[in-house]
Amino acid sequence: MDSVGTNRTPLRPVAAALATRSSALPRPHRHPALGNRLAASKLGIASRCGGGYFDKVQRFDAARSTAAKAQSRKAGKSVIEEMGHTSSDCEVPLKYSSGKAFPLGVSQVEGGLNFAIFSQHASSVTLCLKLPERGTQDDAQIVEFALDRQKNKTGDIWHVSVEGLPASGVLYGYRINGPQGWQQGHRFDDTVILLDPYAKLVSGRKYFGVEEDKPSQLFGTYDFDSSPFDWGDDYKLPNLPETDLVIYEMNVRAFTADESSRLGSAVRGSYLGVIDKIPHLLELGVNAVELLPVFEFDELEFKRFPNPRDHMVNTWGYSTINFFAPMSRYASAGGGPVVASKELKQMVKALHNAGIEVILDVVYNHTNEADDAHPYLTSFRGIDNKVYYMLDLNNNAQLLNFSGCGNTLNCNHPVVKELVLDSLRHWVKEYHIDGFRFDLASVLCRGLDGSPLDAPPLIKEIAKDSVLSRCKIIAEPWDCGGLYLVGRFPNWDRWAEWNGQYRDDLRRFIKGDPGMKGVFATRVSGSADLYQVNNRKPYHGVNFIIAHDGFTLCDLVSYNSKHNDANGEDGRDGCNDNYSWNCGVEGETNDLNVRRLRSRQMKNFHVALMVSQGTPMMLMGDEYGHTRYGNNNSYGHDTHINNFQWGQLEERKDGHFRFFSEMIKFRHNHPILRRERFLSKNDVTWHEDCWENQESKFLAFTIHDHNSGGDIYLAFNAHEYFVDAVIPPPPHHKSWSRVVDTNLEPPNDIVPEGVPLTGSGYRIAPYSSILLKAKA
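These remarks concern the structure in this document. In this convention, every chain numbers its residues from 1, walking through the sequence in written order. Local features in a predicted model are, by the rule used here, given only for residues with pLDDT of at least 70; side-chain atom pairs are given and counted only at 80 or more, and totals for whole chains, interfaces and linings are based on all residues. Side-chain metrics in this entry use all non-hydrogen atoms of the structure; hydrogen atoms and water are not considered.

### Let's talk about the packing of aromatic side chains
Argument step 1. Aromatic pairing here means that ring centres of Phe, Tyr or Trp (its six-membered ring) are within 6.5 Å. Orientation follows from the plane angle: under 30 degrees is stacked, over 60 is edge-to-face, and everything else is tilted. Tallied over the entire structure, the rule returns 40 aromatic pairs.
Argument step 2. Measuring from centroid to centroid gives 4.8 Å for F229 and W231, while their planes differ by 75°, and the two rings are edge-to-face.
Argument step 3. Pairing W498 with F544 gives two aromatic rings, centres 4.7 Å apart and planes at 45°, and the pair type is tilted. Placement of the pair is W498 in strand β20 (residues 496-498) and F544 in strand β21 (residues 541-544), with a sequence separation of 46 residues. We count a stretch as a helix when DSSP gives it H or I for four or more residues in a row; a strand needs E for two or more, and each element gets its number in order from the N terminus.

Below you can see the structure in the form of structure tokens.
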């Protein structure tokens, strides 16, 4: 497709054809140290369907078919409700009144339902309804109400109240028209039925990844028939202190989608599947799950037209269609949006009853609507592109791209800011969510023209909002435009941050890079250089070594370079600088010495993570050593590459898993590893006198317990040779017991009750670590 020219007008529709839907660009691997290079090429296509324009009307008592508005079978037959016409075969008792401007979305009012949608620049708005009594969901007629701008518009909000609609089962959307000036930032096209940004439920396909359903039209829907969800008389929120969190980053579908989960096919990959596996989370010891996106997204976005990625399915979900509706295809047995909503609440309730908090990974930096080279209308772009997205008004009003996905949500515009706040409050009030991790949160710190703001209004209001006051709020403090804010994210003493520097520095030290000892000490002691300002605490730094994008922990110690050929990018996507080491052989190997070294390294990383001050986060599957075979950008694989392998967990239950579980529980049992304040000189003793030696890769230190004398001694040896460490005297009336030696075979690698230590020295093996506990 040619580039956008100065006089270019928006693409016009192809009559009577509804194109297959898409989403935004494939999500690239983001690496903050490199300014988050854009690794994904841009894909997209315009959505098209037949249509026309309808005259404004005041009262709708009947319906007539309109041939000029023919849609595809999936979109349904179009019908316009007009005054003075009746139809003996399709009469409906619908009446309309002007309605009210608030709340946005669909709400119950006396005598009917109110529909309200914002569009500042629209010249016409038509409400489209798909009624259940007029056929199946696939072939039902669409009833359309053209709104009168004099009677159905207050300020920039269009609204209408409809009497006679069912309280559930109705699908709805909007046709919106307006100025056609591309260079002024408008992308109106009233031939496309658009999804309401405030729809609380979204109806589309029923089953995840089923290609036969890929042309499905998106509609909003609602359910005012069902009784309120029963949270239970004994139900209560966990309300865990931030100091106590151990976060488990996971994907709802991938957690149980594999047959090895031994769940029925109707439940695998669903919210209910997570409930079944809560005992595993408890055995592991984590107390918070951070869910990859569960907002409605289009997993078949790569399959709209032939392209190098059309073999893949978006299984991560970073391509939001709607900010209020739960992912409907995570419902069991293809149950649809209403069932998805109920089952998500069941999952949250069950996790809470187990003492596990639920944090959502939310994507407010971009949407599924792609870029200007291949515009795709599903919602925001066709409702009011100039309001919802950041534009370069000096360059044909092209969409700005700080997300790496083709568009950037205009988050600090007053209307968009309220949309985000309303969305967050909805998830807290309706679904009892405990916190949010904000994807590419630096985007939320940009003004209307994309320039960085010192005090971004949205970030401040999230921090100060009364409904969100109980929530954990975590920023991924960088974006794909180079705004790297680790340690500098505007926080109002509330925002935590993914500590990308922690990840990189620990990877480099553990694998044996020179000159990393000092910064390793800084990171494990809470990154005071980044977070000890104002009233920030160590737990405002979320420590992680592995996250969903990048290598798994197993791959971090098994590959020197990425192996992403399966993605269709000829290996161009994903980060090239992973700070990984394959321990001598690239990839899978039967060499026992290499495998033992890899096992030690994985345990070394986990020990460091669990003894560091700050909030630890680990990735689903690392507790058994999941591999993606070197793919460090696996967003598009709905296969064993991403899916939790329950059989492998069972095989490694007494070895790798046991070590990881016991180390997490050791952290829980020792408050000195999770302090509310930064370490002082009295809290830690560094057994070190050669900080300036760039070749030194050995670090030992003691964390002091001033209450009970239960000091903890730690030593990390990243050298290729043994180090004979001199162990300091234990506190008075105490003696040292060895809890961890990563060089020992299970079960001796971790002994929670401790093995008494004799002598004043310890020979620490190459690439290993030890942990001693002072006991009476």
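### Structural notes on the packing of helix α4 (residues 337-353) against helix α6 (residues 414-431)
Argument step 1. For the pair α4 and α6, interaxial distance at closest approach is 10 Å and the crossing angle is 70°. By the angle class used here, α4 and α6 are roughly perpendicular. Of the residues in α6, those in contact with S341, L344, K345 and V348 of α4 are W427, E430 and Y431.
Argument step 2. Amino acids outside the nonpolar list (Ala, Val, Leu, Ile, Met, Phe, Trp, Tyr, Cys, Pro) and the charged list (Asp, Glu, Lys, Arg) are all regarded as polar, and Gly is one of them. Across the contact of α4 with α6, the residue classes break down as 4 nonpolar, 1 polar and 2 charged. Only the stretch in contact is used when a helix axis is fitted, and all axes are lines through C-alpha atoms; the angle between N-to-C directions ranges over 0 to 180 degrees. Angles below 35 degrees are treated as roughly parallel, those above 145 as roughly antiparallel, those between 65 and 115 as roughly perpendicular, and all remaining angles as oblique. We call two residues in contact whenever any of their non-hydrogen atoms come within 4.5 Å of each other.

### With respect to the side chain of T589
Argument step 1. Position of T589 relative to the elements: it lies in the loop between α11 (553-556) and α12 (592-611).
Argument step 2. Apart from the residues within four sequence positions on either side, T589 is in contact with V594, R595 and R598.

### Regarding the environment of R304
Argument step 1. Looking at where R304 falls in the secondary structure, it is placed in the loop between β14 (288-291) and α4.
Argument step 2. Only protein chains enter the accessibility calculation, which uses a 1.4 Å probe; a residue is then buried when its area is under 20% of its type maximum, exposed when over 50%, and partly exposed in between. Of the residues examined, R304 reaches a relative accessible area of 9% and is grouped as buried.
Argument step 3. Sequence-wise, R304 and E211 are 93 residues apart; in three dimensions their C-alpha atoms are separated by 10.0 Å.
Argument step 4. Whenever a nitrogen or oxygen atom comes within 3.5 Å of another N or O atom, the pair is scored as a polar contact, on the condition that within protein one atom can donate a hydrogen and the other can accept it, and that pairs from neighbouring residues in sequence are kept only if both atoms are in side chains. Engagement of the side chain of R304 in a polar contact is seen with the backbone oxygen of E301, the distance being 3.4 Å.

### Notes on the sheet that holds strand β18 (residues 435-438)
In a beta sheet, neighbouring strands pair by backbone hydrogen bonds and run either parallel or antiparallel.
Argument step 1. Should DSSP find at least two bridges between two strands, the strands are taken to pair. On the basis of which strands lie adjacent, the closed barrel formed by 8 strands has the order β13-β14-β15-β18-β19-β20-β21-β22 and parallel pairing. Ignoring strand direction, the axes of neighbouring strands in this sheet form an average angle of 25°.
Argument step 2. Sheet analysis places β20 next to β21, joined by 2 bridges and oriented parallel. The partner of E497 across the bridge, within β21, is G541.
Argument step 3. Strands β14 and β15 (357-362) of the sheet are contacted by α4, whose axis makes an angle of about 135° with β15.

### Some details on the pairing of β15
Argument step 1. β15 sits mainly inside the fold: 6 of its 6 residues count as buried.
Argument step 2. Here β15 shows two buried faces, one formed by E357, I359 and D361 and the other by V358, L360 and V362.
Argument step 3. For the crossover that starts at β14, traverses α4 and ends in the parallel β15, the hand is right-handed.
Argument step 4. Where β15 lies against β18, 4 bridges are found, and the strand directions are parallel. Counterpart to L360 in the pairing with β18 is F436. When the strands point away from the viewer, a crossover counts as right-handed if the route from the first strand across the helix to the second turns clockwise.

### Thoughts on the nonpolar core
Argument step 1. Here the nonpolar core consists of buried residues drawn from Ala, Val, Leu, Ile, Met, Phe, Trp, Tyr and Cys, with membership extended through side-chain atoms lying within 4.5 Å. In terms of nonpolar packing, the biggest core is built from 191 residues, with F115, Y248, F436 and F438 touching the most fellow members.
Argument step 2. Apart from residues no more than four positions distant in its own chain, F438 is found in contact with V362, Y364, L424, L444, I462, I473, I474, A475, E476 and W495.
Argument step 3. Among the nonpolar cores identified, the runner-up in size contains 14 residues, and V723, A725, L772 and A774 belong to it.

### Concerning the packing of helix α8 (residues 500-510) against α12
Argument step 1. Running from amino to carboxyl end, α8 crosses α12 at an angle of 135°, the nearest separation of the two axes being 11 Å. Considering the angle they form, α8 stands oblique to α12. Classified by chirality, the crossing of α12 by α8 is right-handed. Listed contacts from α12 to Y502, L506, R507 and I510 of α8 are Q601, N604, F605, A608 and L609.
Argument step 2. Split into classes, the residues belonging to the contact of α8 with α12 amount to 6 nonpolar, 2 polar and 1 charged. Working rule for handedness: look at the near helix, and if it is turned counterclockwise from the far one by less than a right angle, call the crossing left-handed; if clockwise, right-handed.

### Points about the pattern of salt bridges
When their charged atoms lie close together, side chains carrying opposite charge are able to pair.
Argument step 1. One speaks of a salt bridge when a side-chain nitrogen belonging to Lys or Arg is within 4 Å of a carboxyl oxygen belonging to Asp or Glu. Applying the stated criterion across every chain yields a total of 41 salt bridges.
Argument step 2. One salt bridge in this structure joins K653 and E283, with 3.3 Å as the shortest N-O distance. Placement of the pair is K653 in helix α14 (residues 653-668) and E283 in helix α3 (residues 278-284), with a sequence separation of 370 residues.
Argument step 3. Judged by its relative accessible area of 19%, K653 is buried.
Argument step 4. By relative accessible area, which is 35% here, E283 ends up partly exposed.
Argument step 5. Between E296 and R329 there is a salt bridge; the shortest N-O distance is 3.0 Å. In this pair, E296 sits in the loop between β14 and α4 while R329 sits in the loop between β14 and α4, placing the two residues 33 residues apart along the sequence. By the burial criterion, E296 is buried, and R329 matches it.

### Considering the sheet that holds strand β25 (residues 712-717)
Argument step 1. Pairing in this open sheet of 6 strands is antiparallel, and the strands run β23-β24-β25-β30-β27-β28 from one edge to the other. The open sheet terminates on both sides in strands that have one partner only, identified here as β23 (684-686) and β28 (750-756). Each neighbouring strand pair of the sheet contributes to a mean axis angle of 25°, computed without reference to strand direction.
Argument step 2. In this structure, β23 lies alongside strand β24 (residues 698-703), joined through 3 bridges in antiparallel fashion. Residue pairing for β24: W686 is matched across the bridge by F701.
Argument step 3. Across the sheet, α12 is in contact with β24, β25, β27 (735-741) and β30 (768-775); its angle to β25 comes to roughly 140°.

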